[in-house]
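Examining the three-dimensional arrangement
So you can see what is in the structure, the chains are spelled out below.
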Amino acid sequence: MTLQRKNVCFSYVMLTPLLLITVFVLIIPLLSAFRLSFFQYRLGQVDPMEYVGTANYLRIFRDSRFLAAFARTVIFMAATVSLQMFGGFFVALLLAKPFPAKGLLIAAVLSPMAASEAVLAVIWRYLLNFQMGPVNYALQLLGMQRVQFLTSPEWALWSVVFVYSWQAFPSVFILLYPVRLSIPRELYEAAHIDGSSAFQTLRLITAPMMRPGILVALVFRTIISLRTFGIFQTLTRGGPGRATEVLSIFLYQRTFAYWQFGAGAAVGFIMVALTMVLASGQIRRMHKSLFGREAPR
Amino acid sequence: MNLRPSIMKRSRIDRISWADIVAMIVVLLVVLVPLYFALSSAFKLQRDIFSFVPRILFSPNLRNFDRLTTNWPRYLGSIGTSALVTSISIMFMLLVALPSAYSFSRLPVKGVSLISFVLVALRMFPPIVLTIPLYPLFRNLGLIDTPIGLILLYASVQLPLIVLLLKAFMDTIPRELDEQAWIDGCGRAESFVRVIIPVMMPGIVAGGIIVGTVVWNDFLFAFLFTGIRTKTAPIFIYELLSGVGEGALSDWGQVFAATTLQFVPVLLVIWVFQRRMVSGVTIGAVKG
């Protein structure tokens, strides 16, 4: 066996475990979920699955409950992604300044990332509690009305937006902070000599230089906000009423409360399709930057 | 002559204004005040948790932890389950991901571009979709409510992320390093184990922490695929929280004690390894 062939064999051996797991636990189940979305299937039914064509999709698109969940998801995504992006970008610029004890400051800012959805729910169900929560106490001190943050239909979705953004903005920070630091300081010095104002510097130097990084963060945060499930289930379970029933909660209820796996799969594939549309540019860019060239020699 | 203006320029750019300091304080308050309330409440008496005027200062005690372990002896078991599932998942992922990252980085085979494209796409899809086909399958295989079932789920779903991260990290290691060892009579496999793995340690730690945090904190899969036997800590906390009402009389003390035990380990890891994490995320920007 030549050296070349030996290397090829070795490479395939190294890849085999990854390929086996990817094919059997990810790709085949995904394809079977896609297939399932064209069948009527309840878990535990004795009869064979019944092929129904696009009926699951058609029924969903006529279901006002689905359409409302879809609209809520869009509102949730738009609101939380804006908040996260603004917060992460703002803190990235702020921490680029020469603060002392920067390691400690960064550690503090990253802290919310450590909170699981269950922990988040405990913290914020306590803080936002109607009768005894510290937030409502503060509102009262300021002479304002107490607010039923998580238990009134008008406020619940916005409360989840806030809690989720609080937890997620460090993920934006962690992506944008190194991008901000990579901007050569000569640019800022030159801008300073030219008498550029802070806003002009932001508009003409910082923002354009950070554009690719901002785009990466924007795509990631959008597709992850789309699929968010845990924080809704732990904070409000889609309630009160259906005030926070987003697509993932709708999918969960179809599938695991009504056992309608066909309908659940159809909702799932609508989510996959949305994700792939939003992320297709990112997938191509990421693939090119990771695999477009060889490792540096 | 030349030096002075340049020093002045620097000092102007590097200056922190009062507005910056105020902004930084606001950011720290927004982040730390909720955490302070959560962590301190674990050490408060019930009446101080829901006192009409929120208590900032109080004398800490461990009664909530005592009550938690007395009333809910199984909670410590669920922390153990979480630790077991997390550590085995990390090891399993690395065992699969490191060799494939090597193959991608050093010996790209035919079809690598298709495989890697599928991998990047799989890194993006929503995991909740997988629960639909895998639930009936796992039920038939008897994998529901077992640690093995959970580990298999976590390892598979996180695999694309960790492979891409390790591949990107490996690309930054000069090829001369392992090729020299290889030419010096080391086999490919030996140079991988003896040369690449040690140099990769920072990347392995960063990747391990990123996926480990996801697994330790996961709600979705643990919620849907486990029952009484393999309950992980987040699910236990969720059930405790469902048990307490919204009112002031409910026993929030032990919920906060449980929360602290689940939350503080991750918090410490993130604080200690924050530099590693930032660089790990930056390399290839593969985290989401």
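Residues numbered from 1 in each chain as written. Chains lettered and ligands numbered in written order. Predicted model: local features only at pLDDT ≥ 70, side-chain atom pairs only at ≥ 80, totals over all residues.

**A few points about the overall build of chain B**
Scanning chain B from N- to C-terminus turns up 14 helices and zero strands. Walking chain B from its N terminus toward its C terminus, one meets helices and strands in the order α-α-α-α-α-α-α-α-α-α-α-α-α-α. Looking at chain B residue by residue over its 288 residues, the buried ones come to 47%. Put simply, 77% of the contacts in chain B that link residues at least 6 apart link residues at least 24 apart. (Helix = DSSP H or I, 4+ residues; strand = E, 2+ residues; numbered from the N terminus. Buried ≥ 20, exposed ≤ 12 C-beta atoms within 10 Å, placed from the backbone. Contact = placed C-beta atoms within 7 Å.)

**Considerations on the overall build of chain A**
The number of helices and strands found in chain A is 12 helices and two strands. The C-alpha atoms of chain A give a radius of gyration of 24 Å, which is well past the 19 Å a tight globule of 297 residues would have. Its C-alpha atoms put chain A at 80 × 75 × 30 Å along the principal axes. Within chain A, the proportion of its 297 residues that are buried is 44%. (Rg over C-alpha atoms; globule rule 2.2 N^0.38 Å.)

**Thoughts on the nonpolar core**
Membership of the largest hydrophobic core comes to 168 residues, with the highest contact counts inside it found for Val122 and Leu176 of chain A together with Ala97 and Ile237 of chain B. Not counting the four nearest positions on each side in its chain, Ala97 of chain B is found in contact with Leu159, Ile162, Val163 and Leu166 of chain B. (Core = buried A, V, L, I, M, F, W, Y, C linked by C-beta atoms within 7 Å.)

**Observations regarding the environment of Pro208 of chain A**
Structurally, Pro208 of chain A is set in helix 9 (residues 198–227). Distance from Pro208 of chain A to Tyr164 of chain A, taken between C-alpha atoms, is 28 Å for residues 44 residues apart in sequence.

**Observations concerning the packing of helix 7 (residues 156–181) of chain A against helix 9 of chain A**
All names here are of chain A. Interaxial distance between helix 7 and helix 9 falls to 9 Å at its minimum, and their mutual angle equals 160°. If you check the angle between helix 7 and helix 9, you find them roughly antiparallel. Taken as a pair, helix 7 and helix 9 cross one another with a handedness that is right-handed. Each of Ala168, Val172, Leu175, Leu176, Val179 and Arg180 in helix 7 lies in contact with helix 9, whose residues at this interface are Met210, Gly213, Ile214, Val216, Ala217 and Arg221. Its residues assigned to classes, the contact of helix 7 with helix 9 shows nine nonpolar, one polar and two charged. (Axes fitted to C-alpha atoms, helices over the stretch in contact; angles between N-to-C directions. Parallel < 35°, antiparallel > 145°, perpendicular 65-115°, else oblique. Left-handed = near helix turned anticlockwise from the far one by under 90°. Nonpolar A, V, L, I, M, F, W, Y, C, P; charged D, E, K, R; others polar.)

**Focus: the environment of Val193 of chain B**
Residues and elements named next belong to chain B. Tracing the backbone through its elements, the reader meets Val193 in helix 10 (residues 188–217). You can call Val193 partly exposed: it has 14 C-beta atoms within 10 Å. In this structure the C-alpha to C-alpha distance between Val193 and Pro99, which are 94 residues apart in sequence, comes to 9.6 Å.

**Considerations on the interface of chain B and chain A**
Interface size is often expressed as the accessible area that is lost when the parts come together. Listed per partner, the contact involves 85 residues of chain B and 87 residues of chain A. Here the side of chain B that touches chain A is composed, by residue class, of 61 nonpolar, 14 polar and 10 charged.

**Let's talk about the confidence of the model for chain B**
All names here are of chain B. Scored by pLDDT, chain B comes out at a mean of 84, with 88% of its residues at no less than 70. By mean pLDDT, the top-scoring element of chain B is helix 11 (residues 220–225) (93), and the lowest-scoring one is helix 1 (residues 3–13) (52). Reported for the predicted complex are a pTM of 0.89 and an ipTM of 0.88. (pLDDT = per-residue confidence, 0-100.)

**Let's talk about the packing of helix 1 (residues 3–36) of chain A against helix 7 (residues 128–141) of chain B**
Closest axis-to-axis distance for the helix 1 of chain A/helix 7 of chain B pair is 8 Å, and the angle between their directions is 80°. Considering their axes alone, helix 1 of chain A and helix 7 of chain B lie roughly perpendicular with respect to each other. Residue-level inspection shows Pro29, Leu30, Ser32, Ala33 and Leu36 of chain A of helix 1 of chain A in contact with helix 7 of chain B, the latter providing Val129, Leu130, Ile132, Pro133 and Leu134 of chain B. A breakdown of the residues in the contact of helix 1 of chain A with helix 7 of chain B according to their chemical character gives nine nonpolar, one polar and no charged.

**Notes on unusual backbone geometry**
Peptide bonds are trans in most cases, and residues, glycine excluded, mostly fall at negative phi. All names here are of chain A. Although it is not a glycine, Ala101 sits at a positive phi angle of roughly 55°. Within the fold, Ala101 resides in the loop between helix 3 (64–95) and helix 4 (102–110). A count of 9 C-beta atoms within 10 Å places Ala101 in the exposed class. Notably, Trp259 is not glycine yet its phi reads approximately 60°, a positive angle. Inspection of the secondary structure assignment puts Trp259 in the loop between helix 11 (247–257) and helix 12 (261–291). What makes Trp259 partly exposed here is the crowd of 16 C-beta atoms within 10 Å.

**With respect to the domain arrangement of chain B**
Residues and elements named next belong to chain B. One can read the domain layout of chain B as domain 1 (3–64) and domain 2 (68–285). Listed by partner, the interface residues are eight residues for domain 1 and 10 residues for domain 2. Listing elements by their share of the side of domain 1 that touches domain 2, those giving two or more residues are helix 2 (18–41) and helix 3 (46–49). A per-element tally of the side of domain 1 that touches domain 2 places helix 2 first, with three residues. Of the residues assigned to the side of domain 1 that touches domain 2, the class counts are five nonpolar, three polar and no charged. (Domains from an automatic or database assignment.)

**Regarding the confidence of the model for chain A**
The predicted model of chain A averages 88 in pLDDT, with 98% of residues at 70 or higher. Taking the mean pLDDT of every element in chain A, the minimum, 83, falls on strand 2 (residues 50–51) of chain A and the maximum, 95, on helix 3 of chain A.

**Considerations on the environment of Tyr252 of chain A**
Topologically, Tyr252 of chain A is positioned in helix 11. For Tyr252 of chain A, a count of 24 C-beta atoms within 10 Å puts it in the buried group.

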